[in-house]
Amino acid sequence: MRQFLAVGAALLFVLSGIAGPAAAAPASGVQSPGEDIQSAPGTAEPAADAAASQSASLQQSSPIGDCAVAPPGDRADPEEDVLGWSEGYWYNESIAVNDSDGLNGSELDALVSRTQARVEAIRCLEFEEDVEVEIRTRSEFRNSSAFGNLTESQRQFENVTYEALMLVGADEDAVEVQQENLGAGVGGYYDPVTDRLVVVTDDPEAVRFSEPVLAHELVHAVQDQQFNLTRYDARTIDDSNAENGLIEGDARYVESIYRDACEGNWSGTCQTEEGEGPSAGDLANLPLYLLSFQPYSDGPAFVEHLREGGNWSAVDRAYDRAPNTSQEVMYPARYPNESTQNVSAPDRTADRWEQLSVPGRPDYGIAGEPALFVMFAAPTFDGDGDRDAPFIERREFLAGGQDALDPYDYSADVTDGWNGDRLTPYRNDDNETGYVWQLAWESRGDAESFASGYGALLRHYGGDPVDGRADTYELSGKFEGAYSVQLNDSTVRIVHAPTVEELQQLHPDAAPEGESNVTDADPDTDTDRQDAIPGFGAAAAAAALVGAALLAARRAVRD
């Protein structure tokens, strides 16, 4: 019997590169599991005499292949566990559930069991053990420390990382901003540390659950049981987005099939009540949220690509060779052969400056192409509502909206051609921070495009060129300090320090004398902006931020 748990605590520990969202729009053009069950919503009443033919239809016309076992006409429990049956329920079996006043323990038990059976029928993976459910109130989740007790060095590392990406200002705490984003939207997540599915709700006495979203989280449970999610231990933004492109992409792809089934041959048998999800106004930082959403946007299409090339077994094999860069998720044809440059940077510890390091993690960060895209997109989507930002147009970001499996486009001319980066944070005797950021590009033209675009970004935030140069800037306000932008063939080096004089303390070539080789950018300004993000509605918003808990829980095993 499934244990229905009271409110508990889950240890979450997240560092640079949190992923988020866990549900979105249904996939178009994806076949649904083939059943024809007639029933009223909330009290699934199947046509019992059609069970065998329904199962045969499921096997013949759906995208799940022939892995689901056909239930007997009387739906008797099998002598041994089989795909499509879980804890006393077949995937096409009726359940007596009415969630109009919320789910009680027995109703939730039945819903989870049948959803497990349906996930097995779709995903062709067997649950090895029952999944327990834990209920937490939203207020308790908000008040918990999702990031654990971080040291000052850990917080500084986070701050330097997201300040470098111009997503969090110098007067903000990146950990607190991520915590606020997380608290605004989490509706549930699977915790591989405790092997429990955690439901976060405003009213624990009236829990209601969208069955496709439940299926998404149960995919994480079966992933963990079959592939051991705790072995994935990404420590950079790019690594996290890469791993979650597979893990979250797999779950959301199954969810999209499940949604189609609920609208098709499973119509009337699914619990599909959706929460409203957070609006942009609920979030502490929308651009940071959009960065966390990238694996959920690109991941499902990546998994579909794998499956089309070798059915579910090809997806299963990918867990032994997870993507090692977010580019393999963004551009599935590059998997598994994409390789990026291993960018190196000498340690410049000297005088007043020392390299900032955190025990148990690399002393550098890797941002990746999606993070650079969001850096340029932030002026368009941040809370200031600047509709004249000259970098990323909203319609460019929404260009993928015609494909429900891949709704947003995280590529742009200014970030195309990324081939690796290395962000090295430093701290001085006054506890001030700076960094040296080396970015490799596929060609000099790509490097020039980024360097000139970055200079334009600095000017957008009020940067004043030092002595009229296009490679050295001083900023005040949100991203205060001095910046050096150096172009060397296909590499761009960005150095940031509190003052122009301190730039050369971090790198001797920063702020050099002589002619600059970085050209000014004068991008066209698009003033035809919209006040909202079309297509970024409740379904997508409700999904976001959940993956942060999953990634955090995986890391908690090691920390």
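Up top is the structure.
Residues numbered from 1 in each chain as written. Predicted model: local features only at pLDDT ≥ 70, side-chain atom pairs only at ≥ 80, totals over all residues. Heavy atoms only, no water.

Trainee: Mind showing me how you'd approach the packing of helix H7 (residues 237-263) against helix H8 (residues 286-308) here?
Mentor: For any two helices packed against each other, the geometry is given by the interaxial angle and the distance between the axes. Two numbers describe how H7 lies on H8: the axes approach to 6 Å, and their chain directions differ by 65°. As H7 runs across H8, the sense of the crossing is right-handed. Facing Ile237, Asn241, Asn244, Gly245, Leu246, Glu248, Gly249, Asp250, Arg252, Tyr253 and Ile257 of H7, the residues of H8 in contact are Leu291, Gln294, Pro295, Tyr296, Ser297, Gly299, Pro300, Phe302, Val303, Glu304 and Arg307. Residue composition of the contact of H7 with H8, grouped by class: 10 nonpolar, 7 polar and 5 charged. (Axes fitted to C-alpha atoms, helices over the stretch in contact; angles between N-to-C directions. Helix = DSSP H or I, 4+ residues; strand = E, 2+ residues; numbered from the N terminus. Left-handed = near helix turned anticlockwise from the far one by under 90°. Contact = heavy atoms within 4.5 Å. Nonpolar A, V, L, I, M, F, W, Y, C, P; charged D, E, K, R; others polar.)

Trainee: Would you mind showing me how to read a negative patch on the surface here?
Mentor: A contiguous patch of negative charge, built from Glu79, Glu80, Asp81 and Glu87, is present on the exposed surface. Position of Glu80 relative to the elements: it lies in the loop between helix H1 (51-61) and strand S2 (85-86). By relative accessible area, which is 60% here, Glu80 ends up exposed. (Patch = residues over 30% accessible without salt bridge, like charges linked within 9 Å, V, L, I, M, F, W, Y side chains within 5 Å. Areas by Shrake-Rupley, 256 points an atom, 1.4 Å probe, with all protein chains shown as cover. Salt bridge = Lys/Arg side-chain N within 4 Å of Asp/Glu carboxyl O. Lys, Arg positive; Asp, Glu negative; His and termini not counted. Charge placed at Lys NZ, Arg CZ, Asp CG, Glu CD. Buried < 20%, exposed > 50% of the residue type's maximum accessible area, 1.4 Å probe, protein only.)

Trainee: Whenever I open this one, the packing of aromatic side chains confuses me. Can you help?
Mentor: Both the distance between ring centres and the angle between the ring planes are used here to describe each pair of aromatic rings. Within this structure, the stated rule accounts for 17 aromatic pairs. Between Phe302 and Tyr335 the ring centres are 5.3 Å apart and the planes differ by 90°, which places this aromatic pair in the edge-to-face class. Highlighted residues: Phe302 in helix H8 and Tyr335 in the loop between helix H10 (326-330) and strand S7 (353-355), separated in sequence by 33 residues. Taken individually, Phe302 and Tyr335 each receive the classification buried, so the pair is uniform in this respect. Taken together, the ring pairs connect Phe293, Tyr296, Phe373, Phe381, Phe397, Tyr408 and Tyr410 into an aromatic cluster. Cation over ring: Arg118 sits above Trp266, and NZ or CZ is 4.1 Å from the ring centre. Directly above the aromatic system of Tyr364 lies the positively charged group of Arg422, at a separation of 3.9 Å from the ring centroid. (Phe/Tyr/Trp six-rings, centres within 6.5 Å; stacked < 30°, edge-to-face > 60°. Lys NZ or Arg CZ within 6 Å of the ring centre and 35° of its normal.)

Trainee: Looking at this model, I keep getting lost on the pairing of strand S9 (residues 433-441). Mind explaining?
Mentor: Both faces of the sheet carry side chains from a regular strand, because those side chains alternate between them. When you tally the buried positions in S9, you get 8 out of 9 residues, the bulk of the element. For strand S8 (residues 418-428) and S9, the ladder comprises 8 bridges, and the chain directions are antiparallel. What sits directly across from Trp418, in S9, is Trp441. Following S8, the chain reverses through 4 residues before pairing antiparallel with S9; Asn431 in that reversal takes a positive phi of roughly 65°. Sheet analysis places S9 next to strand S13 (residues 491-497), joined by 6 bridges and oriented antiparallel. Across the sheet, the residue bridging to Trp437 is Ile494, located in S13. (Pairing = 2+ DSSP bridges.)

Trainee: Help me understand the environment of Met330, please; the structure alone is not making it clear to me.
Mentor: Here Met330 is to be found in helix H10. Along the backbone, Met330 and Asn241 are 89 residues apart, and their C-alpha atoms lie at a distance of 10.0 Å. Once residues within four sequence positions are removed from consideration, Met330 is found in contact with Gln294, Asp298, Glu369, Pro370, Tyr410 and Ser411.

So far we have only geometry, and geometry alone does not tell us how the molecule works.
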